[in-house]
Amino acid sequence: MRWWDIDPVLRMERELFPEDAWSRGMFWSELAHARGPGATRRYLVAEEAGQVVGYAGLVTSGEQADVQTIAVARDHWGTGLGARLLTELLRAATDFECTEVLLECRVDNTRAQRLYERFGFEPIGFRRGYYQPGNVDALVMRLTDPSTSVPGTERGTENHG
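Residues numbered from 1 in each chain as written. Predicted model: local features only at pLDDT ≥ 70, side-chain atom pairs only at ≥ 80, totals over all residues. Heavy atoms only, no water.

Looking at an unreviewed UniProt entry, one finds the chain named Ribosomal protein S18-alanine N-acetyltransferase, with Streptomyces violaceorubidus as its source organism.

What follows is the structure, encoded as structure tokens:
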């Protein structure tokens, strides 16, 4: 994701998450930490015919990574795009040498929960009222050793391509 992707990402963000959409400033702040030798973030977009149809982001701190966001345009639900975005985030976590990945997911978003479970994420708790202003709880999920969830990234192997 680059600065010129922020406007199309914001349009999708507001459509998919109208109550708790991120602001332009939040995306700018995240991207500011995604470049250079001290980078702690990885943000990406998926495009089709020049249009953003998905995006995802990850933040790292030491050996822990947190999935910040994954979004797929409604007309691309069920195409596997969410899985491809998550795969790239887990590759990034492995590149950052993270041994654990956490995320929060709305308790009413069972579609996303099933995706995360397919990748080996396990529920570990709840954050009450996490999503505001709707006061929706978040399910906290954890994946230990993300390298084992992405083909070709197992520790000790090389990935050429």
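**Some remarks on the sheet that holds strand β3 (residues 64-72)**
So the rule is basically this: For two strands to pair, DSSP has to find at least two bridges joining them. Only DSSP runs of H or I reaching four residues or more are called helices, and only runs of E reaching two or more are called strands; each is numbered from the N terminus. Between N-to-C directions, angles cover 0 to 180 degrees, with each direction set by a line fitted to C-alpha atoms, over the stretch in contact for helices.
Spatially, the six strands line up as an open sheet ordered β1-β2-β3-β4-β6-β5, and their pairing is mixed. Edge strands, defined here as strands with exactly one partner in the open sheet, are β1 (41-48) and β5 (122-131). On average, each strand axis in the sheet is inclined to that of its neighbour by 25 degrees, with strand direction left out of account. In this structure, β5 lies alongside strand β6 (residues 136-144), joined through six bridges in antiparallel fashion.

**So, the layout of surface pockets**
Rolled over the atoms, a probe with the dimensions of a water molecule shows which regions are left empty. Rules: Within this scheme a cavity is a closed region of a 1 Å grid, computed over the protein atoms alone, that accommodates a 1.4 Å probe without allowing it to escape, whereas a pocket is open but has protein on both sides within 12 Å along at least five of seven lines; lining residues each have an atom within 4 Å of a point. Grid points are joined across faces, edges and corners, and a volume is the space filled by probe spheres set on the points. Residues are grouped as follows: Ala, Val, Leu, Ile, Met, Phe, Trp, Tyr, Cys and Pro are nonpolar; Asp, Glu, Lys and Arg are charged; all remaining types, including Gly, are polar.
Roughly 1100 Å³ of internal volume is contained in the largest pocket. Counting residues per element, the ones that place at least two in the lining of the largest pocket are α1 (6-16), β3, α3 (81-95), β4 (100-106), α4 (110-118) and β5. The residue inventory of the lining of the largest pocket, partitioned by class, reads 20 nonpolar, eight polar and 10 charged.

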